[in-house]
Amino acid sequence: MTAANGRPIGSVPAASTRDVDAAVAAARRAFDHPSGWAHWAPEDRAAAMLRLADALAVRSDRTTELVSAQVGMPINTAKSSEGSVPEKLLRGSTRR
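Residues numbered from 1 in each chain as written. Predicted model: local features only at pLDDT ≥ 70, side-chain atom pairs only at ≥ 80, totals over all residues. Heavy atoms only, no water.

**A look at helix 2 (residues 42-58)**
- The end-to-end C-alpha distance of helix 2 is 25 Å, a good match for the 24 Å that 17 residues give at a rise of 1.5 Å each.
- When helix 2 is considered as a whole, its buried residues turn out to be A46, A48 and A53. The arc that holds the buried residues of helix 2, viewed along the axis, is 160°, so those residues lie on one side. Away from its buried face by more than 90 degrees, helix 2 exposes R51 and V58. (Helix = DSSP H or I, 4+ residues; strand = E, 2+ residues; numbered from the N terminus. Expected span 1.5 Å × (residues − 1). Buried < 20%, exposed > 50% of the residue type's maximum accessible area, 1.4 Å probe, protein only. Arc of directions from axis to C-beta.)

**Remarks on the pattern of salt bridges**
- If you walk through the whole model with that rule in mind, you get 5 salt bridges.
- Residue D54 pairs with R91 through a salt bridge whose shortest N-O separation is 2.6 Å. One end of the pair, D54, is in helix 2; the other, R91, is in helix 5 (residues 85-93), and 37 residues separate them in sequence.
- With a relative accessible area of 40%, D54 lands in the partly exposed category.
- The class for R91 is partly exposed, based on a relative accessible area of 25%.
- Residue R91 is joined to E87 by a salt bridge in which the shortest nitrogen-to-oxygen separation is 2.9 Å. A residue pair is termed a helical-turn pair when its members lie 3 or 4 positions apart in one helix, as R91 and E87 do in helix 5 at 4 residues.
- A single salt-bridge network, built from bridges that share partners, covers D54, E87 and R91. (Salt bridge = Lys/Arg side-chain N within 4 Å of Asp/Glu carboxyl O.)

Quick look at the structure:
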């Protein structure tokens, strides 16, 4: 819902306890699998995080707009925090 007028800006399906349990089990299997994240070389993990940072950068303007609409945050504040910080954190976390 937007803070300004209460109109919906998106929706997500409701999840049951069963849905959550299935998702957690699938994530655990993927993590533990020999080709999963836990077994990746550090440079491969860093590359994946940089790809995520790139994807967030591409969506930065839209993220800024949605956060501003959802919580009523001024657009400039949303841009300097919600629209850019996640990407910067990912890029910073890949430095050695």
